[in-house]
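# Remarks on the overall topology
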Amino acid sequence: MPQDPMDFEWSYWIEWGRERILWLLAGHLLVSQMSRLLVEKYKPWCLMVYGMAACWLLLGIKGFAVILLHAAISFAVAQFQLSLLTWLCSLILLSTLRIPAVEETKRKWYETENEYYLLLFTVSVRCLFCTSFSLEYCWRAPAQKSSHSFPWMLAYVFYYPTFHNGPLVNFDEFSKQMRREEAFSVKTNLSILIMGIIRIFFWWCLAELMIHLMYIHALYSSALPLESASYWALGGLALAQVLFFYVKYLVLYGVPGLLLQMDGLKPPALPCCVSLMHSFTKMWRSFDVGLHRFLVRYIYVPMGGSQSSLLGTLLSTALTFAFVSYWHGGQSYLWYWGTLNWLGVIVENGTKRILSISLIQDLI
């Protein structure tokens, strides 16, 4: 039975996974386990070299140079130890991905659109990693700068399991866990690997069944069946789409999450089932946990967050969603999406504040 071809993200990553990425992830696993077994002290540098080699192989010398240049520029700007300047640098580097002349130049480096998109997705995710490292560098005391050197930045930026699509791991978490030396057990790691592969294979089979049998995205791409459907049917289609999105990310984040565990690191929690969520706030906290931690640590809290005035909280939340919309591409529909999510979070938090008033509590 033919599959629904309209979900670009799933088809794209499955195709790349089968062709090269899964093999490169298997190579990372081999290098990681050998380095943990033989040279635990040098594990970060072994993985850094492997990540650089994998990047060179997939994206070519020019793609590798672009990512290295982004890291070098971010590190150079971080030397001024000004968070605002670091953010300005990050936004400028991110904006270069959307300059038509630059896009055309990069397209000419590759034979197919898929190769160009792989560079685009990788660089956009690397921008977040560079931002995380640079801000942590700005906030560290001079005595701690040795743990935030350029080699450590490269080890973080070129860490291969999270290289192309995430999940996002903040530098402070990555650095602490990567430096930690712990007892290595082949038997324990093997059991983690086998159970992890079984779970991911089950999720992949479920996603493939959904995309071969349900045709959710094909229905959404045509106005005629949507116009003739009842409201109950439209609600069912919406639920089916978000459920597929959830299962898809169990696979896309489950594979790198398993490798993080094999490397002795703690991955961000996998997405919670969307059927269990009833609020915008819980959705943002529980679906992409790595991105949520990034947004809270580097945007929401520094801007005042919930500890500031009502206006400050509104501004902090608005800037957070504005960045999310811009990072995802900045198209008009993404700004509408970000605005609606912002309004949803504001209404929920406002309702909670109203319900916490003693007079309202007494009435309840």
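Cut-off values and rules
- What you see as residue numbers is a count from 1 along each chain, following the sequence as written.
- Per-residue local features of the predicted model are confined to residues with pLDDT of at least 70, and side-chain atom pairs are confined, for both listing and counting, to 80 or more; whole-chain, interface and lining totals are unaffected and use all residues.
- To obtain the side-chain values, all non-hydrogen atoms of the structure were used and water was disregarded.
- UniProt positions are given in the numbering used here, feature names are shortened, and annotations may be inferred rather than shown by experiment.
- Comment: elements are numbered from the N terminus, with helices defined as DSSP H or I runs of at least four residues and strands as E runs of at least two.
- Note on method: radius of gyration uses C-alpha positions; expected globular size equals 2.2 Å times residues raised to 0.38.
- Throughout, exposure labels follow a simple rule: accessible area from a 1.4 Å probe, protein chains only, divided by the maximum for the residue type, with under 20% read as buried, over 50% as exposed, and the rest as partly exposed.
- Every residue pair with non-hydrogen atoms within 4.5 Å of one another is taken to be in contact.
- Here the open area of atoms and residues is found with the Shrake-Rupley method and a 1.4 Å probe, where only the protein chains shown may cover a residue.
- Only four residue types enter the charge count, namely Lys and Arg as positive and Asp and Glu as negative; His and the chain termini do not.
- In plain terms, the charge of a residue is placed at NZ if it is Lys, CZ if Arg, CG if Asp and CD if Glu.
- Among the buried residues, those of types Ala, Val, Leu, Ile, Met, Phe, Trp, Tyr and Cys that are joined through side-chain atoms within 4.5 Å form a nonpolar core.
- Domain ranges listed in this record stem from an automatic or a database domain assignment.
- Within the patch definition used here, like charges are joined within 9 Å and nonpolar side chains (Val, Leu, Ile, Met, Phe, Trp, Tyr) within 5 Å, considering only residues with over 30% relative accessible area and no salt bridge.
- Basic side-chain nitrogens of Lys or Arg form a salt bridge, by our definition, when they fall within 4 Å of a carboxyl oxygen of Asp or Glu.
- Cysteine sulfurs are considered disulfide-paired once they come within 2.5 Å of each other.
- Axis definition: a line fitted to C-alpha atoms, over the contacting stretch in the case of helices. Angles run 0 to 180 degrees between N-to-C directions.
- The cut-offs work like this: below 35 degrees is roughly parallel, past 145 is roughly antiparallel, 65 to 115 is roughly perpendicular, and the gaps in between are oblique.
- Residue polarity follows a fixed list, in which Ala, Val, Leu, Ile, Met, Phe, Trp, Tyr, Cys and Pro are nonpolar, Asp, Glu, Lys and Arg are charged, and the others, Gly among them, are polar.
- Each of two parts loses accessible area, computed with a 1.4 Å probe, when they are put together; buried area is these two losses added.
- Side-chain atoms alone can form a polar contact between residues adjacent in sequence; in general such a contact is a pair of N or O atoms within 3.5 Å, and within protein one must be able to donate a hydrogen while the other accepts it.

Going by the annotation in an unreviewed UniProt entry, the name recorded for the protein chain is HHAT palmitoyltransferase, with Erythrocercus mccallii given as the source organism. Note on the protein chain: under the UniProt heading Sequence similarities (unreviewed entry), the record states "Belongs to the membrane-bound acyltransferase family. HHAT subfamily."

## Some details on the overall build of the protein chain
Counting secondary structure elements, the protein chain contains 16 helices and zero strands. Taken against the 2.2 N^0.38 rule, which gives 21 Å for 364 residues, the C-alpha radius of gyration of the protein chain at 22 Å falls within 12% of a compact globule. Looking at the protein chain as a whole, 46% of its 364 residues are labelled buried. Considering only intrachain contacts with a sequence separation of at least 6, the fraction spanning at least 24 residues in the protein chain is 73%. A total of about 18,900 Å² of accessible surface is found on the protein chain, and carbon and sulfur atoms cover 70% of it. Of the side chains in the protein chain, 26 bear a positive and 22 a negative charge, and the two mean positions are spaced by 9 Å.

## Considering the nonpolar core
Core analysis: the largest hydrophobic core is formed by 88 residues, its most contacted members being L59, F158, F174 and F323. Residue contributions to this core peak at 14 residues, all from helix α2 (residues 43-78). Counting contributing residues, this core receives three or more from each of domain 1 (8-179) and domain 2 (269-363). The residues contacting F158, other than those within four sequence positions of it, are L47, M48, G51, M52, C55, F64, I67, L68 and F163.

## Examining unusual backbone geometry
Residues G166 and P167 are joined by a peptide bond in cis, for which omega reads 5°. Positioned with a positive phi, Q81 is a non-glycine residue whose angle comes to about 55°. Along the chain, Q81 turns up in the loop between α2 and α3 (83-95). Among the residues examined, Q81 registers a relative accessible area of 38% and is labelled partly exposed. One non-glycine residue, Y215, adopts positive backbone phi at about 55°. Structurally, Y215 is set in the loop between α8 (186-213) and α9 (216-220). With a relative accessible area of 27%, Y215 lands in the partly exposed category.

## Considering a nonpolar patch on the surface
Taken together, the side chains of L30, M34, L37, L38, V39, Y42 and V186 define a hydrophobic patch exposed on the protein surface, amounting to about 690 Å² of accessible area. Relative to the assigned elements, V39 resides in the loop between α1 (8-38) and α2.

## Quick look at the state of the cysteines
On inspection of all chains with the given rule, the structure shows zero disulfides. Free of any disulfide, C89 has its nearest neighbouring cysteine sulfur in C130, separated by 8.6 Å. In this model C273 remains outside any disulfide bridge; the closest cysteine sulfur is found in C272, 8.5 Å from its own.

## A closer look at the UniProt feature "transmembrane region" (unreviewed entry) in the protein chain
The positions UniProt marks with the feature "transmembrane region" (unreviewed entry) are residues 20-39, 46-69, 75-95, 116-135, 150-171, 192-217, 229-252 and 310-328. Taken end to end, residues 20-39 has its terminal C-alpha atoms 27 Å apart, with 95% of it in helix and 0% in strand.

## Some remarks on the packing of α1 against helix α5 (residues 113-139)
Where α1 contacts α5, the axes come no closer than 12 Å and their chain directions differ by 100°. When the interaxial angle is binned, α1 and α5 end up roughly perpendicular. Between α1 and α5, the contacting residues are F8, Y12, W13, E15, W16 and I21 on the first element and N114, E115, Y117, L118 and F121 on the second. In terms of residue class, the contact of α1 with α5 is made up of eight nonpolar, one polar and two charged.

## A short note on the domain arrangement of the protein chain
Quite often, the size of an interface is put as the accessible area lost when its parts meet. The domain boundaries assigned to the protein chain delineate domain 1 (8-179) and domain 2 (269-363). Computed from C-alpha atoms alone, the centre-to-centre distance between domain 1 and domain 2 is 27 Å. Counting from both sides, the interface comprises 19 residues of domain 1 and, opposite them, 13 residues of domain 2. Between domain 1 and domain 2 the total buried area reaches about 1,400 Å² when both faces are included, carbon and sulfur atoms providing 63% of it.

## Notes on the side chain of Q177
Position of Q177 relative to the elements: it lies in helix α7 (residues 171-179). Q177 gets classed as buried once you look at its relative accessible area, which sits at 13%. Of note is the side chain of Q177, whose polar atom sits 2.5 Å from the backbone nitrogen of K266. Setting aside its immediate chain neighbours within four residues, Q177 contacts L265 and K266.

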